[in-house]
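Take a look at the letters that make up each chain.
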Amino acid sequence: MGENTLEKFVITGGKALCGTVDISGAKNAAVAIIPAAILIEDECIIENVPDIKDVRIILDILSSLGAKVEKLDANTVKIDATTLNTYVAEKEIASKMRASYYLLGALCGRFKKAVVPPPGGCNFGIRPIDQHIKGFEALSCKVEIKHGSIYVDGEQIKGGQVYFDVVSVGATINIMLAAVRAPGVTVMENAAKEPHIVDVANFLNSMGANIKGAGTDVIKITGVEKLHGGTYGVIPDQIEAGTYMFAAAATRGDVTIRNVIPKHLEAITSKFIEMGVEVAEGDDEIRVCAKGNLNKINVKTLPYPGFPTDLQPPMVALLTTVNGTSIVTEGVWDSRFQYVTELEKMGAKITVNGSVAVIEGGHPLTGADVKSTDLRAGAGMVIAALCANGTTEVLNVYHIDRGYENIIEKLTNLGADIKRTDD
Ligand code: EPZ
């Protein structure tokens, strides 16, 4: 489970990406659906699971809790949680990823109790869980943080009503997991609407749950006693798709991104059209073609269906290639511009003031040694390197491996000059 901190990507920029790329299953759906299987005392087969580090960690966590986990092929996993026998998650691995907080809802939903260490994952400022706690309390659970772990006591768990003060993907899914088998009716208001929330609800409903309204800001869950097994396919990864859209536009390439749900990418598509990037949508593919200079823009990240925070670094990388001043405002996370100092090493002219980045684009980037400071910042760094003159070494790529399946192969197929080394 150790992170190879020596591994880096060596990228020689300046090549327009061309061709087709197939998008994998959604990381943020998979890392919720896999713990959701804890609620099912039966066999489920989950298809289109991305083969990435975060998924391997959550599968290991399920095994360590006593579930039978079997990989049927690189992207299909069979989970039978009937044998899962503890509600206490081990500190060593659970703290390796942010999504381990889903164990709180899943274990509490199954055993009426959960003990889970605080979540790890990308570091971009304080990542509170007060809305998760508010949700558990609305379901008549007691939550305590002691001995370095979060304890949920759900002996009295029952449906309840919660109005979230903040739109939170994690809290919405976590309370959904806790509520599906809780007696009575749960109503979540001001719920998050991301596609992976709908995907988790679809997964649970296909296994016998009764969840209505996922994808809107009011979700109603009527508790059921038991869930049954079945087979389910994870939706395509909208953030991975968006990342390749940005790589195509930034290198002024022509890329068809296949196995996507174009509706999930509308926030990006509409910004691309404003910038003068050509975007053609098919049923399950999007072609992105960019030439010459593009138009500067302003953009603010927001919860779905707004522009996704996870594509903010790729957007900033693209805007460094666009003449004029663009403004990017981060509206979800307090502190998600740390990576900008890395882009500056490549010659980017960016001023950050709190949650606002002002990008003076059009100054050519040049190769440098840069660090991937978190997963999506790493994607931004790779895109910047693909546009830069000369060779860039992107360090700390273990962050990127958490979320991008076969990124080297996919980019190489599009004509990028990129390789992985660990010297
Ligand atoms: C999910 O994180 C994603 N992770 C993140 O993607 C993504 O950036 C984020 O949603 C926003 O879209 C996973 O799905 C595993 P939130 P999550 O709870 O659920 C505040 C990636 O790179 N908040 O929606 O942890 C919080 O501080 C990762 O794939 C509270 O105030 O995010 C933030 O400002 C990085 N109290 C905002 O809400 C809480 O109890 C949104 O957070 C919870 C959150």
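Please refer to the structure placed before this passage.
Cut-offs used in this document
- Residues numbered from 1 in each chain as written.
- Predicted model: local features only at pLDDT ≥ 70, side-chain atom pairs only at ≥ 80, totals over all residues.
- Heavy atoms only, no water.
- Salt bridge = Lys/Arg side-chain N within 4 Å of Asp/Glu carboxyl O.
- Buried < 20%, exposed > 50% of the residue type's maximum accessible area, 1.4 Å probe, protein only.
- Axes fitted to C-alpha atoms, helices over the stretch in contact; angles between N-to-C directions.
- Helix = DSSP H or I, 4+ residues; strand = E, 2+ residues; numbered from the N terminus.
- Parallel < 35°, antiparallel > 145°, perpendicular 65-115°, else oblique.
- Contact = heavy atoms within 4.5 Å.
- Nonpolar A, V, L, I, M, F, W, Y, C, P; charged D, E, K, R; others polar.
- Pairing = 2+ DSSP bridges.
- Core = buried A, V, L, I, M, F, W, Y, C linked by side-chain atoms within 4.5 Å.
- Near = heavy atom within 4 Å.
- Polar contact = N/O pair within 3.5 Å; in protein donor to acceptor, adjacent residues only side chain to side chain.

(A) Main features of the pattern of salt bridges. Tallying each qualifying case throughout the model produces 21 salt bridges. The residue Glu-144 makes a salt bridge to Lys-146 at a minimum N-O spacing of 3.5 Å. Its relative accessible area of 31% is what places Lys-146 among the partly exposed residues. Three or more residues joined by partner-sharing salt bridges are found here, namely Glu-7, Asp-401 and Arg-420.

(B) Molecular detail of the packing of helix 1 (residues 27–36) against helix 2 (residues 53–64). The contact between helix 1 and helix 2 brings their axes to 10 Å, and the two run at 5 degrees. One way to sum up the angle between helix 1 and helix 2 is to call them roughly parallel. In this structure, helix 1 contributes Lys-27, Ala-30, Val-31, Ile-34 and Pro-35 to the contact, and helix 2 contributes Asp-54, Val-55, Ile-58, Leu-59 and Leu-62. Classifying every residue of the contact of helix 1 with helix 2 by side-chain character gives eight nonpolar, no polar and two charged.

(C) Layout of the sheet that holds strand 8 (residues 149–153). What the three strands build is an open sheet, ordered 6-8-7; its pairing is antiparallel. Here the strands that pair on one side only, and so sit at the sheet edges, are strand 6 (113–116) and strand 7 (142–146). Neighbour-to-neighbour, the strand axes of the sheet open up by a mean angle of 15 degrees, direction not taken into account. Taken together, the five bridges between strand 7 and strand 8 define a ladder with antiparallel strand orientation. Paired with Lys-146 across the bridge in strand 8 is Ser-149. Together, strand 6 and strand 8 form the strand contacts of helix 4 (residues 102–111), whose direction differs from that of strand 6 by roughly 150 degrees.

(D) Local environment of the sheet that holds strand 22 (residues 391–395). The sheet built from four strands is open, its strands ordered 21-22-1-23 with mixed pairing. Both outer strands of the open sheet, strand 21 (369–371) and strand 23 (417–421), are each paired with one neighbouring strand and no more. Within this sheet the neighbouring strands show an average axis-to-axis angle of 25 degrees, counted without direction. Strand contacts of helix 12 (residues 375–387): strand 1 (8–12), strand 21, strand 22 and strand 23, with the helix running at about 30 degrees to strand 1, the strand carrying the most contacts.

(E) Representation of the nonpolar core in the model. Counting 79 residues, the largest nonpolar core has Met-176, Phe-203 and Leu-204 as its most contacted members. Apart from the residues within four sequence positions on either side, Met-176 is in contact with Met-188, Ile-197, Val-200, Ala-201, Leu-204, Ile-211, Ile-219 and Ile-221.

(F) Geometry of the site of the ligand. If you check the shell around the ligand, you find 23 residues, and the closest are Tyr-101, Gln-131, Ser-168, Asp-310 and Val-332. At 2.7 Å from an oxygen atom of the ligand is found a side-chain nitrogen or oxygen belonging to Tyr-101. Take Gly-170: an N or O atom from its main chain is 2.8 Å from an oxygen atom of the ligand. When residues of the shell around the ligand are traced back to their parent elements, those giving at least two are helix 1, helix 5 (130–138), helix 6 (169–179) and helix 12. Per element, the largest residue contribution to the shell around the ligand is three residues, and it comes from helix 5. For the shell around the ligand, the class distribution of residues is 10 nonpolar, six polar and seven charged.

Distances and angles like these do not, on their own, reveal function.
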